[in-house]
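Spelled out, the chains give:
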Amino acid sequence: VQLVESGGRLVQVGGPLRLSCAASGRAFGTIAMAWFRQAPGKEREFVAFICWSGTNTAYVDAVKGRFTISRDNAKNMVYLQMNSLEIEDTANYFCNGMGAYNGWRYSPGKFWGQGTQVTVSA
């Protein structure tokens, strides 16, 4: 599975932004997907998870109520709708595939995209 993120840009505090992740490969509709982010000088952190069917999702506390992950298996796409963006959301956002969620923690899979930069300005 190859993953390509897009949609990152400069946005003002409080604004919305939607990230997209395009996946190749027939297995996409059967695997869990997730978004991670990495801010300068910080470790990569989990942001959101979605199961293969889209019926189960999970989020890091910092984005709950503001971000929504979704997927369209017919189009091999995963999305991250980000609302009420904050300065602290500034990071490079990565798409991840074929990980596992055990109910409280998502372990990333081996498939990563190249990242898309989101910069939130005041």
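For the structure, check the block above.
Let me begin by describing the structure that accompanies this report. Counting of residues starts from 1 at the beginning of each chain's written sequence and follows it residue by residue. It should be noted that, the model being predicted, local features are given only for residues of pLDDT at least 70 and side-chain atom pairs only at 80 or more, the latter also being counted only at that level, while totals for whole chains, interfaces and linings use all residues. Each side-chain value is derived from all of the structure's non-hydrogen atoms; neither hydrogens nor water enter the calculation.

**Some points on the pairing of strand β1 (residues 3-6)**
Just so we agree on the cut-off: For every residue, the accessible area obtained with a 1.4 Å probe (protein chains only) is divided by the maximum for its type, and the residue is called buried under 20%, exposed over 50%, and partly exposed between those limits. Helix and strand definitions follow DSSP, with helices as H or I runs of at least four residues and strands as E runs of at least two, each counted in order from the N terminus. Two strands are counted as paired when DSSP detects at least two bridges linking them.
Taking every second residue as pointing to the same face, the buried face of β1 carries L3 and E5, while none of V4 and S6 on the other face is buried. Relative to strand β3 (residues 17-23), β1 runs antiparallel, the two being bridged by four bridges. If you follow V4 over to β3, its bridge partner there is A22.

**A short note on the nonpolar core**
This is how the line gets drawn: Nonpolar cores were defined as sets of buried Ala, Val, Leu, Ile, Met, Phe, Trp, Tyr and Cys residues, with membership established by side-chain atoms within 4.5 Å. The contact rule is simple, with two residues in contact once any of their heavy atoms fall within 4.5 Å.
One finds M33, W35, L80, M82 and Y93 to be the most contacted residues of the largest nonpolar core, which totals 28 residues. Mapped by element, the contributors of at least two residues to this core are β3, β4 (33-38), β5 (45-50), β7 (67-72), β8 (77-82), β9 (91-97) and β13 (116-121). Each residue touching L80, except ones within four places of it in the same chain, is listed here: L17, R18, L19, W35, V47, A48, F67, T68, I69 and Y93. Judged by nonpolar contacts, the second largest core, of eight residues, contains A32, A34, C51 and Y106.

**Here's the deal with the side chain of R71**
How we decide: Just so you know, the count uses Lys and Arg for positive and Asp and Glu for negative, and it drops His and the chain ends. Salt bridge criterion: a side-chain nitrogen from Lys or Arg within 4 Å of a carboxyl oxygen from Asp or Glu.
Secondary-structure assignment places R71 in strand β7. D72 provides the closest opposite charge to the buried, salt-bridge-free R71, at an N-O distance of 8.3 Å.

**Observations concerning the environment of T90**
Using the following cut-off: Whenever a nitrogen or oxygen atom comes within 3.5 Å of another N or O atom, the pair is scored as a polar contact, on the condition that within protein one atom can donate a hydrogen and the other can accept it, and that pairs from neighbouring residues in sequence are kept only if both atoms are in side chains.
Inspection of the secondary structure assignment puts T90 in the loop between β8 and β9. Linking T90 and L10, residues 80 residues apart in sequence, is a C-alpha distance of 9.1 Å. Contacts of T90, omitting those with residues within four sequence positions, involve A39, Q117, V118, T119 and V120. Only 2.9 Å separates the side chain of T90 from the backbone nitrogen of V120, close enough to count as a polar contact.

**Remarks on the pattern of salt bridges**
Tallying each qualifying case throughout the model produces five salt bridges. As a salt-bridge pair, E45 and R37 come within 2.6 Å of each other at their nearest N and O atoms. E45 sits in the partly exposed class, given a relative accessible area of 33%. Between R66 and E86 there is a salt bridge, with its nearest N and O atoms 3.7 Å apart. Within this pair, whereas R66 is found in the loop between β6 (57-59) and β7, its partner E86 is found in the loop between β8 and β9, the two being separated by 20 residues in sequence. For E86, a relative accessible area of 34% translates into the label partly exposed. Residues joined by salt bridges that share partners form a network here, namely R37, E45, R66, E86 and D89.

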